[in-house]
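Geometric and topological summary
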Amino acid sequence: MVEPLGTGGDMSDKEVVEADAAMTKGGVAGVGVCHQDRFSQNSDGWTVVKEGQAEVLFPSLNDVFYNPVQEFNRDLSTAVIQAHAAQHLDVLEHEAGEVCEDGLTVLEALAASGLRSIRFAREIRGLKSVVANDWSKQATESIRRNVTYNKVDQLVTPHNGDASMLMYQHKQ
C-alpha cells in the first residue's frame with residue numbers, strides 16, 4: 001500500500017500529487033508518495049499508476065496497492081516469458097497485444113490489480129491468453145477495470161477464485 005504521509009487529510013488526491021511534484025521540483029523531499037512521477041489523476045478522478053506499457057486505475061491515492069520494489073521482478077518475468085516464447089514460437093509474426101492461437105497461456109495466480117498480467121499482454125509477443133486470478137472479489141473487479149482500461153480484453157481473462165484449485169482444474 002502506498003500511503004501519502006503528512007497530507008493532513010484535507011487535501012484531495014490531485015492536490016497531494018501536485019504538492020508532492022511541486023515540492024520535489026523545488027529540491028525538497030516530497031510529501032511521501034513513493035515514485036510520485038508514476039502517479040497521476042485522470043479526468044474521472046481515478047488515480048493512475050503507469051509502469052512499462054501498462055496503466056492501472058485505483059479509486060484514490062489512499063487505495064493504491066502498488067509495490068515499486070517489485071518492478072524489477074515484473075520486468076524480469078516479462079523478459080523471461082518473451083525469451084521462452086521467442087525460443088519456442090515464431091513470435092515475429094505477431095505483435096504484442098495480439099492473440100497468437102498457437103501461443104503461450106500464462107497464469108498470474110495472485111494478480112491483485114492485474115498490473116503484471118496487463119504488462120504481459122501489452123509487452124509480450126506470442127501469447128494465446130493470460131488468466132489474472134485473485135481470491136478477493138474487490139481485486140478481481142480491479143483487474144476487470146484495468147483490463148478494460150488497457151484494452152487487453154482479448155488476451156487477459158480476470159478470474160475470481162482459489163489459485164490452487166484453478167491450477168488443479170487446468171492440470172494436464
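Quick look at the structure, then. Along each chain, residues carry numbers from 1 onward, in the same order as the chain's sequence is written. Given that the model is predicted, a residue must reach a pLDDT of at least 70 before its local features are reported, and side-chain atom pairs must reach 80 or more before they are shown or counted; all residues, however, enter totals for whole chains, interfaces and linings. Side-chain metrics in this entry use all non-hydrogen atoms of the structure; hydrogen atoms and water are not considered.

1. Some details on the overall build of the protein
Helix and strand counts for the protein stand at five helices and six strands. For helices the rule is a DSSP run of H or I covering at least 4 residues; for strands it is a run of E covering at least 2, with both sets numbered from the N terminus onward. Reading the protein from its N end, one meets helices and strands in the order α-β-β-β-α-β-α-β-α-β-α. When contacts within the protein are restricted to residue pairs at least 6 apart in sequence, those whose partners lie at least 24 apart make up 63%. The accessible surface values rely on the Shrake-Rupley method and a 1.4 Å probe; as for residues, cover is taken only from the protein chains in view. Carbon and sulfur atoms provide 53% of the accessible area of the protein, an area that totals close to 9,800 Å². Contacts are assigned to residue pairs that have any heavy atoms within 4.5 Å of one another.

2. Describing a nonpolar patch on the surface
A cluster of nonpolar side chains, Phe72, Leu76 and Val80, forms an exposed patch at the surface whose accessible area comes to about 320 Å². Looking at where valine 80 falls in the secondary structure, it is placed in helix 2 (residues 71–88). Two distance rules govern patches: like charges are joined within 9 Å, and nonpolar side chains (Val, Leu, Ile, Met, Phe, Trp, Tyr) within 5 Å, applied only to residues with over 30% relative accessible area and no salt bridge. By definition, a salt bridge exists where a carboxyl oxygen of Asp or Glu is found within 4 Å of a side-chain nitrogen of Lys or Arg.

3. Here we look at the environment of alanine 96
Take alanine 96: it is sitting in the loop between helix 2 and strand 4 (104–108). Exposure remark for alanine 96: the relative accessible area of 29% places this residue in the partly exposed category. For the pair formed by alanine 96 and arginine 125, sequence separation is 29 residues and the distance between their alpha carbons is 4.3 Å. Apart from residues no more than four positions distant in its own chain, alanine 96 is found in contact with Ala121, Arg122, Glu123, Ile124 and Arg125. Per-residue accessibility, obtained with a 1.4 Å probe over protein chains only, is compared with the maximum for each type, and a residue is labelled buried under 20%, exposed over 50%, and partly exposed between these values.

4. A word on the nonpolar core
One broad trend across soluble globular proteins is that nonpolar side chains are buried collectively. Only buried residues count toward a nonpolar core. Its members are Ala, Val, Leu, Ile, Met, Phe, Trp, Tyr and Cys residues joined through side-chain atoms within 4.5 Å. With 26 residues, the main nonpolar core has Ile81, Phe120, Leu127 and Val156 as its most contacted residues. At the level of elements, strand 3 (54–58), helix 2, strand 4, helix 3 (115–123), strand 5 (127–134) and helix 4 (137–149) are the ones that each hand at least two residues to this core. Counting residues per element, this core draws most heavily on helix 3, which supplies four residues. With residues near it in sequence (within four places) discarded, isoleucine 81 still touches Leu104, Val106, Phe120, Ile124 and Leu127.

5. Let's talk about the environment of glutamine 53
Along the chain, glutamine 53 falls in the loop between strand 2 (47–51) and strand 3. Remark: the alpha-carbon pair of glutamine 53 and isoleucine 118, spanning 65 residues in sequence, is separated by 8.3 Å. If sequence neighbours within four positions are ignored, glutamine 53 has contacts with Arg122, Glu123 and Asn150.

These figures come from the coordinates and say nothing about function on their own.
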